Amino acid sequence: MRLEGARMDLIKKIWTARKLILVVMIPLSLLPLPLIHPCSESSCAYVLIVTAVYWVSEAVPLGAAALVPAFLYPLFGVLKSSEVASEYFKDTTLLLMGVICLAASIEKWNLHKRIALRMVMIAGAKPGMLVLGFMCCTVFLSMWLSNTSTTAMVMPIAEAVLQQLICTGIADSLEDSLTVDTQDEESDKEENQESSKNRLELLDRKHNEKHHVCMLSEELNGLTLKPGFGPEFCKESNGYLPEAPISIPAPPKKPKIRRDSQYPTNRDHMICKCLSLSITYAATIGGLITITGTSTNLIFSEQFNNRYPEAKVINFGTWFIFSLPIALIMLMLTWIWLHFLFLGCNFRETCSLSKKRKTRREILSEKRIHEEYQKLGPISYPEVVTGIFFVLMTVLWFTREPGFVTGWTSLFEKKGYRTDATVSVLLGFLLFLIPARKPWPSAFSSESKGDDEEEEEEDPLAPMITWKDFQRLMPWEIVILVGGGYALAAGCKVSGLSMWIGRQLEPMSGLPPWAVTLLACLLVSTVTEFASNPATLTVFLPILSALSETLHINPLHTLIPATMCVSFGVMLPVGNPPNAIVFSYGHVQISDMVKAGFGVNLIGVFVVMLAIMTWGEPLFHLSEFPTWALMPNVTGSL
């Protein structure tokens, strides 16, 4: 017994210190690789494997693990310290900073809440249309904000609507129960009154008959009855059977509230599940549309442009044109899948826009949404300014280098100096300068929602956002993670590891391009269920690039689908932060997420493959192997 107890204690201690053991043992166990084969390829492989294991296992925070190349590359002589440091701050970092400035203004002045509530008001309170309305506004917001921020913003609004739905359902059930009980009591009372009345009449009639019989007996026999032998005696010997009350069965009562659940009915629970899951899936779908929608898009853009500087094919406009149809198709198919899974196939009942078909609960839910919208008051001056900047940033991104017409960068003499980051940083910087008050104070009616509300009311020149607002939303961990990915990619390129990996993948040369892409999509979407999306993509991008070059496939044919499929980690709460946020509200279980997420995963892979095989080919010229894809091979051989 003592040995078993000591063994269990040892196992518990090892399990508690498992992350520390992993952090120490992985570098030590892999150390023979660069020592036995002292070359740049093996040293770079050592750093790559150690960093990848740290990322996948999350033994240390993602940002801290991304710093591993910063000190191991110089130690093993792969890259100079100054060269590694330059990889941690790129053009995409500036792009992200400008977008975060705009996101901070949107959140501070509640523009996101106004957009979400307005779109839900248009959709209505029918369960099917309510889910679709929330999905549409979540997709729109997730195009410009991070998936995590969008889910954190929209989910409280959805929760308020769901709680209204639950409260209304409980009230309806209580009302039905009380109505049934009252009707039963009234009917029982009427029956008792009628029964009592009949019984009295019957007893009165019997009493008269008994009295009549007793009088006849007295007259015939000439006997005088004693007082004790009056009608009571006749009653005991009257020859009637003893009377028994007749019980009439009460009508069956309606089903009452479920006492074992917080939801009035199972259908209400299904609506809560459907709406909750739809928000996290819509946030993922919306993040696919723009380069800044999610960090994985930024990682792909920067690594692709660094590896293929002569490509000039990936920008905000081309990515948007390719990914918007994917998002729209996925949005509709995901909505249909969730509706079928949780609400059934009766779309006519759950999606009707007719006012005559609305139930009391749907009317009250719409009333609650209208009340939330009314609390926002009239649109304020800061919201108008934020909306103008939002539209202006989008227009400038689209018109910078659209491709089919001349962009606004042609107005400048030197070409290639202006990027999407230039636009976002410029507009983000202006948000720190423009006052949040109108130039004419008499018409000022804005309502500040920030932390420095009192200070801003005193200062008439308080800006739209402050540094605290920016710092609260700026994901510095993602910035360092992206930088670590750039450093790994640079090390693989300089050391020649990319070419070595490509040579090992030559046996796959017999596969058609669509098969290679499908295998990459399935592999990436499986790994990302258990590892973070940025870490997964950072590990796979150099491998897929080398594979494409070896097989003479356009790198975009594999890199773009893999980048999109890495976002489909939707089957588990640990797959991505939006899943964890939705799971924390308690409406869904892990089994619900696995079942629904598996279908969404298949839908995503199918739609991405459809896109890359149809409109993706003419957009990116995927049918031919481009000359710019030969540049890394030449560089690596020098």
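Residues numbered from 1 in each chain as written. Predicted model: local features only at pLDDT ≥ 70, side-chain atom pairs only at ≥ 80, totals over all residues. Heavy atoms only, no water.

1. Topic: the overall build of the chain
If you tally the helices and strands in the chain, you get 30 helices and 0 strands. Here the chain has roughly 32400 Å² of accessible surface; of this, 65% comes from carbon and sulfur atoms. (Helix = DSSP H or I, 4+ residues; strand = E, 2+ residues; numbered from the N terminus. Areas by Shrake-Rupley, 256 points an atom, 1.4 Å probe, with all protein chains shown as cover.)

2. Here we look at the pattern of salt bridges
Under the counting rule described, the total for this entry stands at 5 salt bridges. Residue K273 pairs with D592 through a salt bridge whose shortest N-O separation is 3.2 Å. Here K273 is found in helix α13 (residues 266–287), whereas its partner D592 is found in helix α28 (residues 590–613), with 319 residues between them in sequence. (Salt bridge = Lys/Arg side-chain N within 4 Å of Asp/Glu carboxyl O.)

3. Thoughts on unusual backbone geometry
The backbone of N110 shows a phi angle near 60°, a positive value even though the residue is not glycine. Residue position: N110 is located in the loop between α8 (91–108) and α9 (111–123). With a phi angle near 55°, H621 is a residue other than glycine that sits in the positive phi range. By secondary structure assignment, the location of H621 is in the loop between α29 (616–620) and α30 (631–637).

4. Describing the nonpolar core
In terms of nonpolar packing, the biggest core is built from 127 residues, with F134, F300, F304 and L556 touching the most fellow members. Looking at this core element by element, the count peaks at 12 residues for helix α15 (residues 316–343). Contact partners of F134, with chain neighbours within four places excluded, come to V120, V154, I157, A158, V161, L275 and I279. Counting 30 residues, the second-largest nonpolar core is a separate cluster that includes L79, L481, A535 and V539. (Core = buried A, V, L, I, M, F, W, Y, C linked by side-chain atoms within 4.5 Å. Buried < 20%, exposed > 50% of the residue type's maximum accessible area, 1.4 Å probe, protein only. Contact = heavy atoms within 4.5 Å.)

5. Some thoughts on the packing of helix α25 (residues 533–551) against helix α26 (residues 555–565)
Put simply, α25 and α26 touch, their axes get as near as 9 Å, and they point 160° apart. By the angle between their axes, α25 is roughly antiparallel relative to α26. For the element pair α25 and α26, the recorded crossing hand is right-handed. Together, L537, L541, L544, S545 and S548 of α25 and P555, T558, L559, A562 and T563 of α26 make up the contact between the two elements. By residue class, the composition of the contact of α25 with α26 is 6 nonpolar, 4 polar and no charged. (Axes fitted to C-alpha atoms, helices over the stretch in contact; angles between N-to-C directions. Parallel < 35°, antiparallel > 145°, perpendicular 65-115°, else oblique. Left-handed = near helix turned anticlockwise from the far one by under 90°. Nonpolar A, V, L, I, M, F, W, Y, C, P; charged D, E, K, R; others polar.)

6. Digging into the packing of α26 against α28
Packing of α26 against α28 brings their axes to within 10 Å, and their N-to-C directions diverge by 155°. What the angle tells us is that α26 and α28 run roughly antiparallel. Here α26 and α28 pass one another in a crossing that is right-handed. Residue-level inspection shows L556, H557, P561, M564 and C565 of α26 in contact with α28, the latter providing V605, V608, I612 and M613. Partitioning the contact of α26 with α28 into residue classes produces 8 nonpolar, 1 polar and no charged.

7. Things to note about a nonpolar patch on the surface
Together, L10, I14, L20, I21, V24, M25 and L28 make up an exposed nonpolar region whose accessible area comes to about 660 Å². Among the elements of the structure, α1 (2–16) and α2 (18–30) are those that each provide at least two residues to the nonpolar patch. Ranked by the residues each element gives to the nonpolar patch, the list is headed by α2, at 5 residues. Tracing the sequence through the fold places V24 in helix α2. (Patch = residues over 30% accessible without salt bridge, like charges linked within 9 Å, V, L, I, M, F, W, Y side chains within 5 Å.)

8. Some points on the environment of G287
Residue position: G287 is located in helix α13. Judged by its relative accessible area of 0%, G287 is buried. A sequence separation of 146 residues divides G287 from L141, and the C-alpha atoms of the two residues are 8.9 Å apart. Here G287 is in contact with S142, N147, G293, T294 and N297, once residues within four sequence places are set aside.

9. Quick word on the packing of aromatic side chains
Taken as a whole and assessed by the stated rule, the structure comprises 14 aromatic pairs. Centroid distance F322 to F620: 5.6 Å. Interplanar angle 65°. Geometry classified as edge-to-face. Residue F322 is located in helix α15, and its partner F620 is located in helix α29; the two are separated by 298 residues in the primary sequence. F620 matches F322 in its accessibility class, with the two residues each being buried. (Phe/Tyr/Trp six-rings, centres within 6.5 Å; stacked < 30°, edge-to-face > 60°.)

10. Section: the environment of K595
Position of K595 relative to the elements: it lies in helix α28. As for K595 and L341, which are separated by 254 residues in sequence, their C-alpha atoms are 8.9 Å apart.

11. With respect to the environment of W514
Topologically, W514 is positioned in helix α24 (residues 513–527). A residue is classified by how much of its surface remains accessible, and W514, at 45% relative accessible area, is partly exposed. Along the primary structure W514 and M613 are separated by 99 residues, whereas in three dimensions their C-alpha atoms are 7.7 Å apart.

12. Looking at helix α6 (residues 68–76)
Residues lying three or four places apart along an α-helix face the same way, a consequence of the helix completing one turn every 3.6 residues. Within the sequence span of α6, burial applies to V68, P69, L72 and Y73. Viewed end-on, α6 has its buried residues packed into an arc of 100°, placing them on one side of the element. Lining the buried residues of α6 we find α4 (40–57), α5 (62–65), α7 (81–87) and α22 (476–495). Of the residues one or two after α6, G77 is the one with positive phi, at around 75°. (Arc of directions from axis to C-beta.)

13. Side note on the confidence of the model for the chain
Averaged over all residues, the pLDDT of the chain equals 75, while 75% of them reach at least 70. Per-element mean pLDDT across the chain ranges from 39 in helix α12 (residues 231–236) up to 91 in α26. For the stretch residues 632–638, pLDDT sits under 50, and the model shows 9 contacts to residues farther than four places along the chain or on other chains. (pLDDT = per-residue confidence, 0-100.)

14. Focus on the side chain of N297
With respect to the helices, strands and loops of the structure, N297 is situated in helix α14 (residues 295–307). Reaching out from N297, the side chain makes a polar contact with the backbone oxygen of G287 at a distance of 2.9 Å. Excluding residues within four positions of it along the chain, N297 makes contact with G287, L288, T290, I291, W319 and T563. (Polar contact = N/O pair within 3.5 Å; in protein donor to acceptor, adjacent residues only side chain to side chain.)

15. Comments concerning α15
In this model, α15 (28 residues) spans 37 Å end to end at C-alpha, consistent with the 40 Å of a helix rising 1.5 Å per residue. The N-terminus of α15 is capped by N315, whose side-chain oxygen sits 3.0 Å from the backbone nitrogen of G317. Looking one or two residues past α15, G344 carries a phi angle of roughly 90°, positive in sign. (Expected span 1.5 Å × (residues − 1).)

16. Description of the state of the cysteines
Linking two cysteines covalently through their sulfur atoms gives a disulfide. Under the defined criterion, the tally for this structure stands at 0 disulfides. Counting only cysteine sulfurs, C565 is the nearest neighbor of C521, a cysteine outside any disulfide, at a range of 3.5 Å. (Disulfide = S-S within 2.5 Å.)

17. So, the side chain of E302
Within the secondary structure, E302 is located in helix α14. Look past the residues within four positions of E302 in its chain and what remains in contact with it is K90, D91, T92 and Y486.

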